[in-house]
Every structure is written in structure tokens, then in C-alpha cells.
Amino acid sequence: MGETITMKYDNFSVIYPNYLDSNKTVKLGRRIAAKDAVPEPTVQDLHEALASLNVRHVIQPYKGYSRDSISRWDNPGRVLVDLEGAAENGIVGMGTDGAFDLDEVPDINDDNDKENNGGSGGGKKQLLREIAKVIPKLPNRQTRIEEKAKAAALEAEKQKKLAIQAEKSAPSKGGGGSGSSGKKKKGKKKK
């Protein structure tokens, strides 16, 4: 039988996949620089990356990110992360006042990051960067991306074949020059 573990996650910090998505804008929720982010991360990717970093976390698969209505349907879910546990593992740094960088996320420009964070980039933002470094190396993500590329190639091939068939069948339908098919037109009579 499986063992049930209870965990208080009231003080955990929230991470949505949009925070790491290089295809999203800052307005749609990206929290790190686009060059550090990864395209289309999922909640499963976040879970595997956090597990590989040995950070305690909780998955909430049915929660949606409020700023981006498209991701609520296409890429739902969020992860609650224990930043204190991440600090104990040495993944996240603390600010000079002993507090985590939870609420304030500095500007996306790299120059501002170094000025605002004293060069360390501690807190939640540092954890996001570490997760973004781990995600591309995950085996499940690589297989998912390969399958998606294969499916896109098959779909393109299918569309190409349909276009060729439509091209071949179009000239054979051609009729006389008069353009009338012999059927009566329906509708009101003109006066």
C-alpha cells in the first residue's frame, strides 16, 4: 500500500509554467529573461526538474494562470515550492535582510538583474533560472518534443497530399463556358 504524506504548503511559493515560457511575453507572465527561459514548459516538466533538484513541492494540476487565458486550457497547472527547503539545499539564496525574494521580481534586462540582486539573483527568480537550466535535459520532455515534431511533419505531409489531390480533381470538374447548371435559382423573384 502507498503511504500518505501530509505537508503544510501554506507558505510555499507558486510557480506557473508561464513563468519559464520563452514564447510568452512579460505581460503574459514570463518572469525570467527570454534567453534563460524554455519553450512550452509543462507542470510535469516543472515537477521533474524540482525532483531532480531535491526541492519539496506540490503539484496542483487543475489550477490556471489568470493572466493568460490560453494557457488555462492548453497548459493548466501550477507547482507550489518550498523555498526554505531550496535555501537549505543551496539552490536559492537569501537577501541581505534574511528574506527571500518572493514578491519583487526585477526587470527582465540582465544589467538591472545584477544591480537589483547584488549579482546573486537570489530567491524565487534564481530558482526559476535553475529549473529552466534543468528542463531541456529531461528525458520525458525530449521524447515529448520529438513526438510533437513527428506529428507536425506527418500533418504537413497529409496537407501536402490533400492539396495535390485537390489540384488534380479541380480541372476535371470544369464544365461548359455558359456557367449555368440547369438548376433553378431559389429566392425572391426580381421585378
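Residues numbered from 1 in each chain as written. Predicted model: local features only at pLDDT ≥ 70, side-chain atom pairs only at ≥ 80, totals over all residues. Heavy atoms only, no water.

J.: Give me the overall build of the protein chain: which residues, what numbers.
T.: A tally of regular secondary structure across the protein chain gives six helices and three strands. Listed by position from the N terminus, the elements making up the protein chain come as β-α-β-α-β-α-α-α-α. Out of the 191 residues in the protein chain, the part that is buried amounts to 34%. Within the protein chain, contacts between residues at least 6 apart in sequence are counted, and of these 64% link residues at least 24 apart. Summed over all atoms, the accessible surface of the protein chain reaches about 13,600 Å², with 51% contributed by carbon and sulfur. (Helix = DSSP H or I, 4+ residues; strand = E, 2+ residues; numbered from the N terminus. Buried < 20%, exposed > 50% of the residue type's maximum accessible area, 1.4 Å probe, protein only. Contact = heavy atoms within 4.5 Å. Areas by Shrake-Rupley, 256 points an atom, 1.4 Å probe, with all protein chains shown as cover.)

J.: Residue-level account of the nonpolar core, with values.
T.: Judged by nonpolar contacts, the single largest core of 26 residues is most densely connected at I15, L20, V81, L127, I131 and I135. Residue assignment for this core shows that the elements contributing at least two residues are α1 (43–52), β3 (78–81), α3 (83–88) and α5 (124–134). The biggest single contributor to this core is α5, with five residues. (Core = buried A, V, L, I, M, F, W, Y, C linked by side-chain atoms within 4.5 Å.)

J.: Break down the sheet that holds strand β2 (residues 57–60) for me, citing the residues and quoting the values.
T.: Spatial ordering of the open sheet is given by β1-β3-β2, a layout of three strands whose pairing is antiparallel. Unpaired on one side and paired on the other, β1 (13–15) and β2 mark the two borders of the sheet. Across the sheet, the axes of successive neighbouring strands diverge by a mean angle of 25 degrees, strand direction being ignored. Bridging between β1 and β3 involves three bridges; their strand directions are antiparallel. Residue pairing in the sheet places V14 in a bridge with L80 of β3. Running over the sheet, α5 touches β1 and β3 and is turned about 35 degrees from β1. (Pairing = 2+ DSSP bridges. Axes fitted to C-alpha atoms, helices over the stretch in contact; angles between N-to-C directions.)

J.: Could you give an account of unusual backbone geometry, with specific residues and numbers?
T.: With phi around 50 degrees, E40 is a residue other than glycine that occupies positive phi space. With respect to the element layout, E40 can be found in the loop between β1 and α1.

J.: Got a sec to walk through the packing of aromatic side chains? Specific residues and values, please.
T.: On inspection of all chains with the given rule, the structure shows three aromatic pairs. Both rings, one in Y16 and one in Y65, keep their centres 4.7 Å apart while their planes meet at 50 degrees; by these two values the pair is tilted. Highlighted residues: Y16 in the loop between β1 and α1 and Y65 in the loop between β2 and α2 (69–74), separated in sequence by 49 residues. No difference in accessibility class separates Y16 from Y65, as the two residues are buried. One aromatic cluster is present, built from ring pairs that chain together Y16, Y19 and Y65. Against the face of Y19 rests R31, its NZ or CZ located 4.2 Å from the ring centre. (Phe/Tyr/Trp six-rings, centres within 6.5 Å; stacked < 30°, edge-to-face > 60°. Lys NZ or Arg CZ within 6 Å of the ring centre and 35° of its normal.)

J.: Requested: an account of α1, with residues and values cited.
T.: Here α1 has its buried residues at V43, D45, L46, E48, A49 and L50. At the exit of α1 stands N54, carrying a positive phi of roughly 60 degrees.

J.: So what's going on with empty space enclosed by the protein? Residues and values would help.
T.: Inspection of the entire model under this criterion finds one cavity of 30 Å³ or more. Here the largest cavity defines a volume of roughly 30 Å³. Lining of the largest cavity is provided by Y16, P17, N18, K63, G64, Y65, S71, R72, N75, P76 and G77. Partitioning the lining of the largest cavity into residue classes produces four nonpolar, five polar and two charged. (1 Å grid on protein atoms, 1.4 Å probe; cavity = no way out; pocket = protein on both sides within 12 Å on 5 of 7 lines; lining within 4 Å. Points joined across faces, edges and corners; volume = space filled by probe spheres on them. Nonpolar A, V, L, I, M, F, W, Y, C, P; charged D, E, K, R; others polar.)

J.: I'd like to hear about the pattern of salt bridges, residue by residue, with values.
T.: In total, this model carries six salt bridges according to the counting rule given. The partner of D45 in a salt bridge is R141, with the nearest N and O atoms 3.0 Å apart. Highlighted residues: D45 in helix α1 and R141 in helix α6 (residues 139–173), separated in sequence by 96 residues. When sorted by exposure, D45 lands in the same class as R141, which is buried. Among the salt bridges present, the one from D45 reaches R144, with a minimum N-O distance of 3.1 Å. With D45 in helix α1 and R144 in helix α6, this residue pair connects regions lying 99 residues apart in the sequence. What makes D45 buried here is its relative accessible area of 1%. Of the residues examined, R144 reaches a relative accessible area of 30% and is grouped as partly exposed. (Salt bridge = Lys/Arg side-chain N within 4 Å of Asp/Glu carboxyl O.)

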